[in-house]
Amino acid sequence: MILLRLAIRSLISRRITVGLTVLAIALSTALFLGVEKVRTGARASFADTISDTDLIIGARTGGVQLLLYSVFRIGNATNNITWESYEDVISQPGVAWAVPISLGDSHRGFRVMGTTAAYFDRYKYRGGQDLTLAEGNRFDDLFDTVIGADVARQLGYRIGDPIVVAHGLASFTEHDDKPFRVAGILAKTGTPVDRTVIVSLKAIEAIHVDWQEGAQSANPVSADAVRGMDLAPSAITAAMIGVESPLQVFRLQRAINEYREEPLMAVIPGVALQELWEIVGVAETALFGVSAMVVATALIGMAAMIFSGLNERRREMAIFRAVGARPGTILGLLVLEAALMAAAGAALGVALLYTGLWIARPYVDAAFGLYLPISALTPREWAGIAAVVAGGTLVGFFPAIRAYRISLADGMTIRT
Amino acid sequence: MTDPSRPTTADAIAISNLRFAWGGRRRFGLAVDTFSVRRGETVFLFGESGSGKSTLLSLVCGVNKPASGQVEVDGTDLGALRGAARDRFRAERIGVIFQMFNLLPYASPLDNILLPLHFAPERRQRCGDPRAAALDLTDTLGLSRSLIEHAPAADLSVGQQQRVAVARALIGHPPLIIADEPTSALDAGAQSAFLDLLFERVQAFGATLVLVSHDARLATRFDREVSLSDIARTHREDAA
Ligand SMILES: Nc1ncnc2c1ncn2[C@@H]1O[C@H](COP(=O)(O)OP(=O)(O)OP(=O)(O)O)[C@@H](O)[C@H]1O
Ligand SMILES: [Mg+2]
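Everything quoted here is computed from the prediction, not taken from an experiment.

### Some points on the site of ligand 1
B:S49, B:G50, B:S54, B:T55 and B:R236 are the nearest of the 17 residues found near ligand 1. With respect to ligand 1, the chains having nearby residues are chains A and B. Between A:A409 and ligand 1, the recorded distance is 3.1 Å, taken from a backbone N or O atom to a nitrogen atom. Within the backbone of B:G50, one N or O atom sits 2.8 Å away from an oxygen atom of ligand 1. For ligand 1, the protein covers 83% of the area, taking 640 Å² as the surface of the free molecule. Every element with two or more residues in the shell around ligand 1 is listed here: α13 (379-410) of chain A together with α1 (53-60) of chain B. Top contributing element to the shell around ligand 1 by residue count: α1(B), with three residues. Split into classes, the residues belonging to the shell around ligand 1 amount to three nonpolar, eight polar and six charged.

### A closer look at the domain arrangement of chain A
All names here are of chain A. Domain boundaries assigned for chain A yield domain 1 (2-46 + 282-412) and domain 2 (55-267). A separation of 50 Å is found between the C-alpha centroids of domain 1 and domain 2. Listed by partner, the interface residues are five residues for domain 1 and seven residues for domain 2. Taken together, the two surfaces of domain 1 and domain 2 that pack against each other cover about 530 Å², and 56% of this comes from carbon and sulfur. Inspection of the domain 1/domain 2 interface yields zero residue pairs in polar contact (both at pLDDT 80 or more). The class makeup of the residues in the side of domain 1 that touches domain 2 is three nonpolar, one polar and one charged.

### Digging into the interface of chain B and chain A
With 29 residues of chain B at the interface, the matching set in chain A holds 27 residues. Here chain B packs against chain A, burying approximately 2400 Å² in sum over the two surfaces, 67% of which is carbon and sulfur. Of all residues in chain B, the largest losses of buried area upon contact with chain A belong to B:F98, B:Y106 and B:F119, amounting jointly to 27% of the total for that side. A salt bridge links A:R321 to B:D87, with the shortest nitrogen-to-oxygen separation between them at 2.9 Å. For the interface between chain B and chain A, the tally reads four residue pairs in polar contact (both at pLDDT 80 or more). Counting only elements with at least two residues in the side of chain B that touches chain A, the list comes to α1, α2 (83-93) and α3 (109-119) of chain B.

### Here we look at the pairing of strand β3 (residues 42-46) of chain B
All names here are of chain B. With four of five residues buried, β3 is to be regarded as a mostly interior element. Alignment of β3 against strand β8 (residues 208-212), held across four bridges, turns out to be parallel. From the neighbouring strand, T42 faces β8, where its bridge partner is L209. Where β3 and strand β9 (residues 224-227) come together, four bridges link them in parallel fashion. Paired with L45 across the two strands is V226, which belongs to β9.

### What to know about the layout of surface pockets
All names here are of chain A. Of the voids in this model, the second largest pocket is the one considered here, and its volume is about 750 Å³. A42, F46, I74, F368 and L370 are the residues nearest the centre of the second largest pocket, which is lined by 36 residues in total. For the lining of the second largest pocket, the secondary-structure elements that each account for two or more residues are α2 (15-49), β4 (110-115), α10 (269-310) and α12 (327-368). Along the lines of polarity and charge, the residues of the lining of the second largest pocket split into 19 nonpolar, nine polar and eight charged. A domain-level breakdown of the lining of the second largest pocket finds at least three residues from each of domain 1 (2-46 + 282-412) and domain 2 (55-267).

### With respect to the environment of A:L372
Residues and elements named next belong to chain A. Note that L372 resides in the loop between α12 and α13. Through-space distance from the C-alpha of L372 to that of K37 is 7.9 Å; in sequence the pair is 335 residues apart. Ignoring sequence-local partners within four residues, the contact set of L372 consists of K37, V38, G41, L357, R361 and V364.

### Here we look at unusual backbone geometry
With a phi close to 40°, A:R126 is a non-glycine residue in the positive phi region. With respect to the helices and strands, A:R126 occurs in the loop between β5 (124-125) and β6 (129-130). Of note, B:H173 is a non-glycine position whose phi angle comes to about 50°, a positive value. You can see B:H173 is positioned in the loop between α7 (158-170) and β7 (176-180). Judged by relative accessible area, B:H173 falls into the partly exposed class, the value being 46%.

### Considerations on the nonpolar core
With 130 residues, the main nonpolar core has A:L6, A:F320, B:I15, B:L56, B:L115, B:I171 and B:L198 as its most contacted residues. Top element by residues in this core is α12(A). It accounts for 13 residues. If we ignore the near neighbours within four places in the chain, the residues touching B:I171 are B:I113, B:L114, B:L117, B:R123, B:C127, B:P130, B:A133, B:A134 and B:L137. Ranked by size, the runner-up nonpolar core spans 23 residues in total, among them A:V112, A:L142, A:A223 and A:L231.

### Quick word on the confidence of the model for chain B
Residues with a pLDDT of 70 or more make up 95% of chain B, whose mean pLDDT is 87. Every residue in residues 1-7 of chain B scores below 50 in pLDDT, and together they form six contacts with partners more than four places removed in sequence or on other chains.

### Considerations on the side chain of A:T61
All names here are of chain A. Residue position: T61 is located in the loop between β1 (55-59) and α3 (63-71). When its relative accessible area of 18% is taken as the criterion, T61 is described as buried. For T61, the side chain forms a polar contact with the side chain of Q65, separated by 2.5 Å. Those residues in contact with T61 that sit more than four places away from it in its chain are L66, Y69 and M265.

### Observations concerning a negative patch on the surface
All names here are of chain A. A cluster of like negative charges, contributed by E84, E87, D88 and E261, occupies part of the molecular surface. On the secondary structure map, E261 appears in the loop between α9 (249-257) and β16 (264-267). A relative accessible area of 63% means that E261 is categorised as exposed.

### Observations concerning the state of the cysteines
Residues and elements named next belong to chain B. Taken as a whole, this structure holds zero disulfides over all chains when the rule is applied. For the unlinked cysteine C61, the closest cysteine sulfur is that of C127, found at 19 Å. For C61, a relative accessible area of 1% puts it in the buried group.

Criteria and cut-off values
- Residues numbered from 1 in each chain as written.
- Chains lettered and ligands numbered in written order.
- Predicted model: local features only at pLDDT ≥ 70, side-chain atom pairs only at ≥ 80, totals over all residues.
- Heavy atoms only, no water.
- Near = heavy atom within 4 Å.
- Polar contact = N/O pair within 3.5 Å; in protein donor to acceptor, adjacent residues only side chain to side chain.
- Areas by Shrake-Rupley, 256 points an atom, 1.4 Å probe, with all protein chains shown as cover.
- Helix = DSSP H or I, 4+ residues; strand = E, 2+ residues; numbered from the N terminus.
- Nonpolar A, V, L, I, M, F, W, Y, C, P; charged D, E, K, R; others polar.
- Domains from an automatic or database assignment.
- Contact = heavy atoms within 4.5 Å.
- Buried area = accessible area lost by both parts, 1.4 Å probe.
- Salt bridge = Lys/Arg side-chain N within 4 Å of Asp/Glu carboxyl O.
- Buried < 20%, exposed > 50% of the residue type's maximum accessible area, 1.4 Å probe, protein only.
- Pairing = 2+ DSSP bridges.
- 1 Å grid on protein atoms, 1.4 Å probe; cavity = no way out; pocket = protein on both sides within 12 Å on 5 of 7 lines; lining within 4 Å.
- Points joined across faces, edges and corners; volume = space filled by probe spheres on them.
- Core = buried A, V, L, I, M, F, W, Y, C linked by side-chain atoms within 4.5 Å.
- pLDDT = per-residue confidence, 0-100.
- Patch = residues over 30% accessible without salt bridge, like charges linked within 9 Å, V, L, I, M, F, W, Y side chains within 5 Å.
- Lys, Arg positive; Asp, Glu negative; His and termini not counted.
- Charge placed at Lys NZ, Arg CZ, Asp CG, Glu CD.
- Disulfide = S-S within 2.5 Å.

Pasting the structure below:
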């Protein structure tokens, strides 16, 4: 097809302007698809993070906030719940199991979570999958820890390595008098568990025995001495609860929400996630809108580029007319040119997207705990690509119609 | 030349009572009462700049349509054809050579030569193998094959480009060749060499040639020389 070949040659002969235009379309397409990939990736990864837990309880706050800090380790609890209330709540009929969680300390940027051994049995992710140990054992000694896969990989920890827990999330004061030991390393899950240092609730209590109001007291208790003490926790951050029958979830939730001794709150993880999507949905729509505008800008830029070249291409159009081309052929050629640029831009955009995903994935994983799957294009994404090409073709009609008029007016003689 | 399907009586070009005016601010108008060119004739058309020579050629080529009157090419009244049919007619029957910038600069000379065939299926058929026909032509026009097939047309010298334009006009043997000042970009030596080639080819194919120039010295080679002012009246209307 000689016209297609000529259109491609013509584009190549203007490679700098055409290249920049295609690059702009490619970047905008990559951004557009990237937003979509991150959105679906984030949703999938959030939804996969917790399963088989019926209720999460914590101090009264927003449902989304409770879910975020207890399960996703995003943000902080403003209040704890007392151990008495916890015991009281879980002794209610219908509660099948409960796992307490205590958060607040950290280790080199990773959160430290105190819990009971039941956590390893009760925490499920991605449709009921169990946590498994890649190496070592669950904790046995008071100062044993089990670390997530990312903690082990990023800090290079092996079984038996010592770990010193820092007080709070970003502080320089460390519980260095009571070092821990890595007892087990969990297999990668793609959830925030990978980025968590798990210790026993008692250990959390033990390292804080001699702490008051954020500072260690003048008479520290040694690591050995603490073993002899009563390490029953006085407070926890949250708890995961399973019920005996799904029918009891709402009744139990209401009972906890109306608990008199202390302001408590219970959320159903799925419902809280749904709430989260509603909040995030606004931002998603905004992001989608912005990225679509960026694509539109790139396409309009392409139309402007074609427009600005029309005058110096009048000779070319006259040649086409002289050899027998109809004005409609000239219109078609310019539309074809726009479509080719849009298609090249979209194709390059997809390549950029996957390169970008491939490069950014470890960083996004490390920074946000979001493991973006590198998956094939979804029908929705294909539709987006088709929209870019269709939009480019449509936009191409504007300069093409102008060229049609010029070629009708000029004929073979170019008026200057 | 001896195609029996065509009435041999018809002239290559026959114009009668033609009236035409350009649109736009300075409406240039052209009127030709009668003008005809016999088949196989070579005609030299001259006139001063802006007198309407190119305008007349574009009417003969059917790129523009007369306001009234007839322009017949090979017995076909162009005014009676619809736009697309006129374009097709031009593609099939007429080879056009301009003053300069005849070629699509980004395409290879070969693609430039083959381009009219895309719009003219019958002319393409007449070629047999279009590529071979194009290379035959360029061989006789003294253009090397490597130059024709690979370099973009913009890399050719002006003289080479004009020869490629001749090949494009001649491919598939259209009966009418229209040349609008094809030599004015060439120096004197190149001019006469170019005309030698053009004449030789046109006569070999028995085509009709109408060549426009304002250089009267070229006229001697032609069967007939025509001054535009003798056949046409022009007027200019300077709109407010
Ligand atoms: N496409 C066009 N639209 C409007 N007016 C035109 C167009 N082409 C030519 N004209 C006008 O027609 C008139 C005659 O121009 P034309 O090109 O036919 O002259 P010419 O004899 O070929 O001149 P030259 O020797 O300079 O080529 C000019 O006044 C010009 O302005
Ligand atoms: Mg002219």
